[in-house]
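Structural characterization, general
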Amino acid sequence: MDVSFLGGPQPQRGVGVVAPFDFALDRELWRWVPDEVSLHLTRTPFVPVEVSLDLARLVSEHETLQDAVRALSAVAPEVAAYACTSGSFVGGVAGERAMCAAMTQAGELPALTTSGALLEALREIGARRVAVVTPYTRSVTDSLEEYLGEAGITVTGRAYLGLTRHIWKVPYRDVVDMAREAVVGSPDALFISCTNLPTYDVIPQLEAELRMPVLSANQVTVWAALRQIGAQAVGPYQALLDPAARRGPAGMASSMVADPMASMPPMASMPPMSSMADPAAHAEPEPEAALAGAASPGPDVDPADGLDPGFGPGIGEGPFLDDSGGPSAM
């Protein structure tokens, strides 16, 4: 059969991605990528260390990153991105810049990291005060706050889970719970840290609820890498990707003060008067069910079914809060 009429495949532009050995969210990265761009991923060598500051240092050693970038150079990407938040903030601002320089030297191409992309994204949306959500332990979360402070960014509130493994299995409901608790002190934006924490579907939902831009580690990494080659990230209504979205949910808080009626739903979406007398008739659905797109569990189903028993503290028990001097007891 002659298939020459198809005229393809179309030329592809390449983005090289260096990820930690335990990275499990390749598919999430792809969801932000337009059709004409390919991701080329490689991983750092395995080390038997749980998620911690020690692991962050091990997976971000310059020799490790340079070897990974050299391997990627075989497929000629236009940019190399190190997709690890903790590994790129553990050495502070100077350490992050040195990592980029080492990667650029190895591959003779532009290079960036997740933490550097975060600062670029905060500049893009004009945010100087942020709330922070992480799956990490307290010490790793502290290191992120120190990195942001060094860059002139104030952390107004934070929440974390205290996990040391299996972070990619955290359900959206836990991310939402942490976000709601962390947003204190009038931040300009919310940042959800860790490239191994699923966030793609939850970002637009949180922006609509919190009335502020929401950034995540994978989102800013892909956004910055594509921006470097003159391409645009794709995705649902998100303030970082679409300037119009910054005037939507992110701008609604101020507009509602000026016009209280702006917060009222359209008449067509309001329940009939007969049901308004009965609160049960128009009860709101559980946020986590709405975000996950699944039906609420039945009376005999444990909402935590399917979670890995080795999660560590925090899963299903609420976040560890630290926006007033220290976390709750682990």
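So, here is what we can say about the structure in this document. Here the structure is a predicted model, which means the values were calculated and not measured.

1. A word on the sheet that holds strand E1 (residues 13-19)
Spatially, the four strands line up as an open sheet ordered E2-E1-E3-E4, and their pairing is parallel. Each end of this open sheet is capped by a strand with a single partner; those strands are strand E2 (37-43) and strand E4 (111-113). Neighbour-to-neighbour, the strand axes of this sheet turn through a mean angle of 25°, independent of strand direction. Where strand E3 (residues 79-82) meets E4, three bridges bridge the pair, whose relative direction is parallel. Looking at the pairing, Ala 80 lines up with Ala 111 of E4. Sheet strands in contact with helix H10 (residues 217-228) are E1, E2, E3 and E4, and its direction is about 165° off that of E3.

2. Some remarks on unusual backbone geometry
The backbone phi angle of Ser 186 is positive, close to 55°, even though this residue is not glycine. Within the secondary structure layout, Ser 186 lies in the loop between helix H8 (172-182) and strand E7 (189-192). Overall, Ser 186 belongs to the exposed group, its relative accessible area being 61%. A positive phi is found at Cys 194, a non-glycine position, where the angle reads about 90°.

3. Digging into helix H9 (residues 202-210)
All buried positions along H9 are accounted for by Val 202, Ile 203, Pro 204, Leu 206, Glu 207 and Leu 210. Just beyond H9, the residue with positive phi is Arg 211, at close to 60°.

4. A few points about the nonpolar core
In terms of nonpolar packing, the biggest core is built from 91 residues, with Val 15, Leu 148, Leu 190, Ile 192, Leu 206 and Leu 215 touching the most fellow members. Looking at this core element by element, the count peaks at seven residues for H10. Not counting residues within four places of it along the chain, the set of residues in contact with Leu 190 comprises Ala 131, Val 132, Val 133, Ala 179, Val 183, Leu 206, Leu 210, Met 212, Pro 213, Val 214 and Leu 215.

5. Some points on a nonpolar patch on the surface
On the surface, Met 1, Val 3, Phe 5 and Leu 6 cluster together into a nonpolar patch covering about 570 Å² of accessible area. By the element assignment, Val 3 lies in the segment before E1. Among the residues examined, Val 3 registers a relative accessible area of 43% and is labelled partly exposed.

6. A look at the state of the cysteines
Overall, the coordinates contain zero disulfides when judged by the stated rule. Cys 194 takes part in no disulfide bond, and the closest cysteine sulfur, belonging to Cys 84, lies 7.1 Å away.

7. What to know about empty space enclosed by the protein
Taken as a whole and judged by the stated rule, the model has two cavities of 30 Å³ or more. There is about 160 Å³ of room inside the largest cavity. What lines the largest cavity is a set of 16 residues, among which Pro 20, Asp 22, Val 51, Cys 84 and Ser 86 lie closest to the centre. Listing elements by their share of the lining of the largest cavity, those giving two or more residues are helix H2 (53-58) and helix H4 (85-89). In this structure, the second largest cavity occupies an estimated 60 Å³ of space.

8. Here's the deal with the pattern of salt bridges
A complete count under the given rule lists twelve salt bridges for this structure. For Asp 201, the salt bridge goes to Arg 31, with nearest N and O atoms at 3.0 Å. With Asp 201 in the loop between E7 and H9 and Arg 31 in helix H1 (residues 26-31), this pair connects stretches of sequence that are 170 residues apart. Residue Asp 201 is classed as partly exposed on the basis of its relative accessible area of 27%. One network of salt bridges, in which partners are shared, links Arg 138, Asp 142, Glu 145 and Arg 158.

9. Description of the pairing of E2
Strand direction decides the pairing type here: E1 and E2, joined by seven bridges, are parallel. Across the sheet, the residue bridging to Val 18 is Thr 42, located in E2. At this point the chain moves from E1, through H1, to the parallel E2, and the crossover so formed is right-handed.

10. Regarding the pairing of strand E5 (residues 129-134)
Taking burial as the measure, the six residues of E5 include five buried ones, the bulk of the element. Sheet analysis places E5 next to strand E6 (residues 154-160), joined by six bridges and oriented parallel. Paired with Ala 131 across the two strands is Gly 157, which belongs to E6. Tracing the backbone out of E5, into helix H7 (residues 138-150) and back to the parallel element E6 gives a crossover that is right-handed. Strand direction decides the pairing type here: E5 and E7, joined by four bridges, are parallel. Following the sheet pairing, Val 130 is matched in E7 by Ala 189.

Cut-offs and rules
- Residues numbered from 1 in each chain as written.
- Predicted model: local features only at pLDDT ≥ 70, side-chain atom pairs only at ≥ 80, totals over all residues.
- Heavy atoms only, no water.
- Pairing = 2+ DSSP bridges.
- Helix = DSSP H or I, 4+ residues; strand = E, 2+ residues; numbered from the N terminus.
- Axes fitted to C-alpha atoms, helices over the stretch in contact; angles between N-to-C directions.
- Contact = heavy atoms within 4.5 Å.
- Buried < 20%, exposed > 50% of the residue type's maximum accessible area, 1.4 Å probe, protein only.
- Core = buried A, V, L, I, M, F, W, Y, C linked by side-chain atoms within 4.5 Å.
- Patch = residues over 30% accessible without salt bridge, like charges linked within 9 Å, V, L, I, M, F, W, Y side chains within 5 Å.
- Areas by Shrake-Rupley, 256 points an atom, 1.4 Å probe, with all protein chains shown as cover.
- Salt bridge = Lys/Arg side-chain N within 4 Å of Asp/Glu carboxyl O.
- Disulfide = S-S within 2.5 Å.
- 1 Å grid on protein atoms, 1.4 Å probe; cavity = no way out; pocket = protein on both sides within 12 Å on 5 of 7 lines; lining within 4 Å.
- Points joined across faces, edges and corners; volume = space filled by probe spheres on them.
- Right-handed = clockwise from strand over helix to strand, strands pointing away.

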